[in-house]
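# Fold and geometry: a report
Residue-level listing of the chains:
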Amino acid sequence: MNKTPLNQIHRQLGARMVDFGGWDMPVQYSGVIAEHKAVRTTAGLFDVSHMGEIEVSGPQAFDFLQYATTNDVASLTDGQVQYTALCYETGGVVDDLTLYRFASDRYLLCVNASNSDKDFAWLEDLLKKSNYTDLTLINRSAEYAQLALQGPVAANILAKLTSTNLSAIKFYRFEEGEVAGIKTIISRTGYTGEDGFELYCATADGVSLWQALMKVGESLGLQPIGLGARDTLRLEKAYALYGHEITADIMPIEARLAWITKLKKGDFVGRDAMLKAKEAGLSRKLIALTLTVSGVPREGYPVFSDGREVGYVTSGTMSPSLKKGIALALVEASVADGEGVLEIGIRKRRMPAERTSLPFVK
Amino acid sequence: MVFPEELKYTEEHEWVLVEDDVATIGVSDFAQDQLGDIVFVELPEVGDTLEVGDSFGVVESVKAVSDVYAPANGEVVEVNESLPDEPEALNNSPYEDGWMIKLKLSDSTDLDSLMDVSAYQEFVEKD
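Being a predicted model, the structure only gives us computed values, none of them experimental.

Take the overall build of chain A next. Check the secondary structure of chain A and you find 9 helices and 19 strands. Here the C-alpha atoms of chain A give a radius of gyration of 21 Å, agreeing with the 21 Å that 2.2 N^0.38 yields for 362 residues. By principal-axis analysis of the C-alpha atoms, chain A measures approximately 60 × 55 × 40 Å. When burial is assessed residue by residue, chain A has 48% of its 362 residues classed as buried. By sequence separation, contacts in chain A at least 24 residues apart represent 67% of the contacts at least 6 residues apart.

The following block contains the structure:
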């Protein structure tokens, strides 16, 4: 199994470890709910070193990325990050990712851990088949450790360890600097809906960076956070998770990701299929549901409208903030736009669920 | 982890306290620890009859769903009404506040095959 540089630290902290897409990762330390609350109220530190990093550089890097990704790379300036996706010709999603622009000819793609080999192979193949020749793809996944420092006091903690002016780094911007004397990419991004940072450093520095942050953060309530709370935090904000809301069989425009799918920017992989689907009228849409009774909706549970099965839950949980069952569900478009209460099939019963505006937790 | 001596245990990690012909049933400290934060509990109705191996309830944590099974034949004579509103009692007090049901046994010999505390401890260590 793959291990991040922090594997020993997680074990020393008494984390419960799980196999997460081939990575030995902490699912929880003190408990999912306590960790969730720490991130919403103070701060949490996540080891996300399993995430993949792919560098794309060269004179044609921009043109290639504009062709390979769904969002508009032309709207990026140096030091800016963009949420985007790679799609198949069918419009289904290869992966979702964040794209970092260091310079007009140098970019870094941060991709999902379990997809990083697939993504790299996909990009290599795409490059071979394309007319672009003047660029280089490098899989740098093994070279980076990545920590996510998230929560309302994240900036206070980080400020104690860096001379970089953090208030100058706006949301979805990044700077290269030093944190605790360690060379770090400081990115004001995250997957929790709270203010915070994703910090990239050399793999060998991962442990030192973690320890430095925990040391200064402890008195401000900083806690280590596992994948369990990472999932409840992102779901309360209705952020998509690959393999759930988006897959090879789901188009981003079906999954409320039209905002990262710039159909007017010119040709890109998957565009034709999406234009065609849009013209015909989308058959499915992702919606948000909140159970009006006690219960926990979970992935794969069926959704009913007037007694008819109209879709399924893509992700569900008990929201620690709302103390209610919440779900994202992919349902027939006609139902998605309708009114009234739907039902989620939980075991042998059907439980009423209200359509909810996103995010679940504002 | 705590496993009281006066209880009997099942391989599915239920605990059973037998008083006369009534068995009080819950889930063990090991089970609650494995599940993590418990957020939902489903219980049977008083009057339901159960057979050995029947799922009589469901315990859900943030990440997992787990059935709870009847260790004996009998009739449900009482359920812990406060659990659905306070499922965390299963984490905080698995043997007291977290009890789930009381079962009036139709034949108490059903319970002879359950593990005593030392057998259960050994079982958990192997698990």
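So much for the structure itself; the text now carries on.
The helix and strand inventory of chain B stands at 3 helices and 9 strands. Ordering the α and β elements of chain B from the N terminus gives β-β-β-α-β-β-β-β-β-α-β-α. Its C-alpha atoms give chain B a radius of gyration of 13 Å, near enough to 14 Å, the size a compact globule of 127 residues would have. Its C-alpha atoms give chain B principal-axis dimensions of about 35 × 35 × 20 Å. The contacts of chain B with a sequence gap of at least 6 include a subset with a gap of at least 24, amounting to 65%.

This paragraph deals with the nonpolar core. In globular proteins that are soluble, nonpolar side chains generally tend to be buried together. All names here are of chain A. In this structure, Leu147, Leu149 and Ile344 are the most contacted members of the largest nonpolar core, which totals 130 residues. Taken domain by domain, this core gets at least three of its residues from each of domain 1 (7-50 + 143-236) and domain 2 (283-356). Filtering out sequence-adjacent residues up to four positions away, Ile344 remains in contact with Leu289, Leu291, Pro297, Tyr301, Val303, Val313, Ala327, Met351 and Ala353.

Chain B puts 9 residues into the contact, and the matching count from chain A is 12 residues. Residues of the side of chain B that touches chain A, tallied by class, amount to 5 nonpolar, 1 polar and 3 charged.

For the rest of this paragraph, the subject is the domain arrangement of chain A. All names here are of chain A. Segmenting chain A into domains produces domain 1 (7-50 + 143-236) and domain 2 (283-356). Between domain 1 and domain 2, the residue contacts involve 8 residues of the former and 6 residues of the latter. Of all the secondary structure elements, the ones that give two or more residues to the side of domain 1 that touches domain 2 are helix 2 (32-41) and helix 7 (227-236). Considered class by class, the residues forming the side of domain 1 that touches domain 2 number 2 nonpolar, 2 polar and 4 charged.

All names here are of chain B. Reading across from one edge, 4-6-7 is the order of the 3 strands in this open sheet, with antiparallel pairing throughout. Edge positions in the open sheet fall to strand 4 (38-42) and strand 7 (65-69), since each of these has one partner strand only. Between one strand and the next, the sheet's axes are offset by a mean angle of 25 degrees, whatever the strand orientation. Pairing analysis gives 4 bridges linking strand 4 to strand 6 (residues 55-61), with the strands arranged antiparallel. By the bridge assignment, Glu42 is partnered in strand 6 with Val58.

Attention shifts here to helix 2 of chain A. Residue and element names in this part refer to chain A. Across the 10 residues that make up helix 2, a large majority, 7, are buried. Among the residues making up helix 2, those that are buried are Val32, Ile33, Glu35, His36, Ala38, Val39 and Arg40. Of the surrounding secondary structure, the elements contacted by the buried residues of helix 2 are strand 2 (23-28), strand 3 (43-47), strand 9 (144-150), strand 13 (222-224) and helix 7.

Glancing now at the pairing of strand 8 (residues 74-79) of chain B. All names here are of chain B. Of the strand pairs in this sheet, strand 5 (residues 49-50) and strand 8 are connected by 2 bridges, and their pairing is antiparallel. What sits directly across from Thr49, in strand 8, is Glu75. Of the strand pairs in this sheet, strand 8 and strand 9 (residues 101-105) are connected by 5 bridges, and their pairing is antiparallel. Note that in strand 9 the partner of Gly74 across the bridge is Leu105.

A separate point is helix 4 (residues 116-129) of chain A. All names here are of chain A. Over its 14 residues, helix 4 extends 20 Å from the first C-alpha to the last, a length consistent with the 20 Å expected when each residue adds 1.5 Å. Among all positions of helix 4, only Ser116, Asp119 and Leu123 are buried. An end-on view of helix 4 places all buried positions within 60 degrees of arc, on one side of the element. Those residues of helix 4 that are exposed and angled more than 90 degrees off the buried face are Ala121, Asp125, Lys128 and Lys129. Looking at the buried residues of helix 4, the elements they touch are strand 4 (52-57), helix 3 (61-68), strand 5 (80-87), strand 6 (93-103), strand 7 (106-111) and strand 8 (136-139).

An order of 1-2-3-9-8-5 (chain B) is seen for the 6 strands of this open sheet, with the pairing classed as antiparallel. Pairing within the sheet leaves two strands with one partner each, and these edge strands are strand 1 (8-9) and strand 5 of chain B.

Criteria and cut-off values
- Residues numbered from 1 in each chain as written.
- Chains lettered and ligands numbered in written order.
- Predicted model: local features only at pLDDT ≥ 70, side-chain atom pairs only at ≥ 80, totals over all residues.
- Helix = DSSP H or I, 4+ residues; strand = E, 2+ residues; numbered from the N terminus.
- Rg over C-alpha atoms; globule rule 2.2 N^0.38 Å.
- Buried ≥ 20, exposed ≤ 12 C-beta atoms within 10 Å, placed from the backbone.
- Contact = placed C-beta atoms within 7 Å.
- Core = buried A, V, L, I, M, F, W, Y, C linked by C-beta atoms within 7 Å.
- Domains from an automatic or database assignment.
- Nonpolar A, V, L, I, M, F, W, Y, C, P; charged D, E, K, R; others polar.
- Pairing = 2+ DSSP bridges.
- Axes fitted to C-alpha atoms, helices over the stretch in contact; angles between N-to-C directions.
- Expected span 1.5 Å × (residues − 1).
- Arc of directions from axis to C-beta.

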